[in-house]
Amino acid sequence: MVMGVLNVTPDSFSDGGCYVDPGLAMARAKEMVDEGADIIDIGGESTRPGAPAVPAAEELERVIPLLREIHDTLEVMVSVDTSKPEVMRAAVSAGAGMINDVRALRAPGAIEAVADSSVQVCLMHMQGEPRTMQDNPRYSNVVAEVGDFLVARATACLAAGIGRERIFFDPGFGFGKTLAHNLELMAGLDKLLELGFPLLVGVSRKSMFGALLEREVDERLAGSVAMAAIAAWSGASIIRAHDIAQTKDAVRVAAALRGARQKTRNGA
Ligand code: PT1
């Protein structure tokens, strides 16, 4: 599946300020659905490297009315990218089908907010906080450490009564990771899959392509789509992206190839 990014922030890294106007945000949501998005992920707080925190009242005001309108008018699941329990509860009431939390429900009250609902939840790994996470990220074994963190968060969720079928894992590409860390994580995706939870992967337009290809944010489409195809080929279930039509094609190619491989392995 492809999850389309819809940032209603003034400062997101690639589309900041584009969809602060509710009419433009709605038009973009509809466009992404027409291009094949299976989920729309609304974000009211930027979590790109260096981004500042946003007060809850402002986040609620940015996210909830738009969520309600998308839920009421479009045939698509809506996800909300938030770490705040009050935003999670309001999002569930307004029709969200998923909570996407880059802090993996570590804020006080966040686990309870999700446990009191029946929505899906994405637990993402981040080392540090957005403002400073790229200062000097360090791991002795990035795949093992990310896996251990996600398993610990899943264990806390299960103990709070969140069913295991509701949980997705996300290695958190670019969140306190160097280019080498990001590449190791993508190469080790099969190890993370062995933990027993479906994976969500977000690499779209991130600075790893700046480092790898020396491309500016608006020149990273081919790199992003190539990585999306590799993630889907490696077994990721949901790809979070800005460029829906292209990413959807890449994911469909990877899925077809996985089907064909399965067939050859079964001796057909
Ligand atoms: C992600 C993700 C997200 N990414 C999930 N949610 C962002 N579940 C926001 C850079 O290096 O991967 N998974 N919500 C966007 N965050 C970043 C991080 C944007 C790094 C840019 C960079 O440029």
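As shown above, the structure is provided for reference.
Residues numbered from 1 in each chain as written. Predicted model: local features only at pLDDT ≥ 70, side-chain atom pairs only at ≥ 80, totals over all residues. Heavy atoms only, no water.

(A) Expanded view of the packing of helix H9 (residues 221–233) against helix H10 (residues 244–265). Where H9 meets H10, the closest approach of the two axes is 8 Å, and the angle between their N-to-C directions is 30°. When the axis of H9 is compared with that of H10, the two are roughly parallel. Remark: the crossing between H9 and H10 carries right-handed chirality. Packed against H9, whose contacting residues are Leu221, Val225, Ala228, Ala229, Ala232 and Trp233, the element H10 presents Gln246, Thr247, Ala250, Val251, Ala254, Leu257, Arg258 and Arg261 at the interface. In terms of residue class, the contact of H9 with H10 is built from ten nonpolar, two polar and two charged. (Axes fitted to C-alpha atoms, helices over the stretch in contact; angles between N-to-C directions. Helix = DSSP H or I, 4+ residues; strand = E, 2+ residues; numbered from the N terminus. Parallel < 35°, antiparallel > 145°, perpendicular 65-115°, else oblique. Left-handed = near helix turned anticlockwise from the far one by under 90°. Contact = heavy atoms within 4.5 Å. Nonpolar A, V, L, I, M, F, W, Y, C, P; charged D, E, K, R; others polar.)

(B) Up close: the site of the ligand. What surrounds the ligand is a group of 17 residues, the closest being Asp81, Asn100, Asp170, Lys206 and Ser207. A distance of 2.7 Å is found between a nitrogen atom of the ligand and a side-chain nitrogen or oxygen belonging to asparagine 100. Serine 207 is positioned with one of its side-chain polar atoms (N or O) 2.6 Å from an oxygen atom of the ligand. Its free accessible area being 510 Å², the ligand has 95% of it covered by the protein chains. (Near = heavy atom within 4 Å. Polar contact = N/O pair within 3.5 Å; in protein donor to acceptor, adjacent residues only side chain to side chain. Areas by Shrake-Rupley, 256 points an atom, 1.4 Å probe, with all protein chains shown as cover.)

(C) Molecular detail of the nonpolar core. Ile42, Leu67, Ile70, Leu105, Leu123 and Val201 are the most contacted members of the largest nonpolar core, which has 66 residues in total. At seven residues, the largest contribution of residues to this core is made by helix H5 (residues 142–159). What isoleucine 42 contacts, discounting residues up to four positions off in sequence, is Leu6, Val8, Val63, Leu66, Leu67, Ile70, Val78, Ser79, Val80 and Asp81. In terms of nonpolar packing, the next biggest core, distinct from the first, is built from seven residues, Ile39, Met98, Cys122 and Ile238 among them. (Core = buried A, V, L, I, M, F, W, Y, C linked by side-chain atoms within 4.5 Å. Buried < 20%, exposed > 50% of the residue type's maximum accessible area, 1.4 Å probe, protein only.)

(D) Fine view of the sheet that holds strand S5 (residues 120–124). In space, the eight strands of this open sheet follow the order S6-S5-S4-S3-S2-S1-S8-S7, with parallel pairing throughout. Only two strands of the sheet have a single neighbouring strand rather than two, namely strand S6 (167–170) and strand S7 (200–202). Looking at each pair of strands side by side, their axes are set apart by 25° on average, direction ignored. Pairing analysis gives four bridges linking S5 to S6, with the strands arranged parallel. (Pairing = 2+ DSSP bridges.)

(E) Just the side chain of lysine 177, in detail. Examined against the element boundaries, lysine 177 turns out to sit in the loop between S6 and helix H6 (179–187). This buried residue, lysine 177, is left without a salt bridge; aspartate 170 holds the nearest opposite charge, at 7.2 Å. Here histidine 125 takes part through its side chain, which lies 2.8 Å from a polar atom of the side chain of lysine 177. For lysine 177, the contacting residues outside a window of four places in its chain are His125, Met126, Gln134, Pro137, Tyr139, Val146, Pro171, Gly172, Asn182 and Leu185. (Lys, Arg positive; Asp, Glu negative; His and termini not counted. Salt bridge = Lys/Arg side-chain N within 4 Å of Asp/Glu carboxyl O.)

(F) Up close: the pattern of salt bridges. For the coordinates displayed, the defined rule picks out 14 salt bridges. Between arginine 62 and glutamate 58 there is a salt bridge, with its nearest N and O atoms 2.7 Å apart. Taken together, the positions of arginine 62 and glutamate 58, both in helix H2 (residues 56–73) and four residues apart, correspond to about one turn of that helix. Since its relative accessible area comes to 19%, arginine 62 is described here as buried. According to the relative accessible area criterion, glutamate 58 is partly exposed, its value standing at 37%.

(G) Quick look at H2. A rise of 1.5 Å per residue sets the reference length of H2, with its 18 residues, at 26 Å; its end C-alpha atoms lie 26 Å apart and thus fit the reference within 8%. Looking at H2, one finds that the buried residues are Ala56, Glu59, Arg62, Val63, Ile64, Leu66, Leu67 and Ile70. For H2, the elements touching its buried residues are strand S1 (2–7), helix H1 (22–34), strand S2 (39–43), strand S3 (77–81) and helix H3 (85–93). (Expected span 1.5 Å × (residues − 1).)

(H) Spatial organisation of the state of the cysteines. Applying the stated criterion across every chain, the model contains zero disulfides. With no disulfide partner, cysteine 157 has as its closest neighbouring cysteine sulfur the one in cysteine 122, 11 Å distant. For cysteine 157, a relative accessible area of 0% translates into the label buried. (Disulfide = S-S within 2.5 Å.)

(I) Local environment of the environment of cysteine 18. Looking at where cysteine 18 falls in the secondary structure, it is placed in the loop between S1 and H1. The spatial distance from the C-alpha of cysteine 18 to the C-alpha of arginine 28 is 9.6 Å, given a sequence separation of ten residues.

What is shown is where atoms sit, not what they do.
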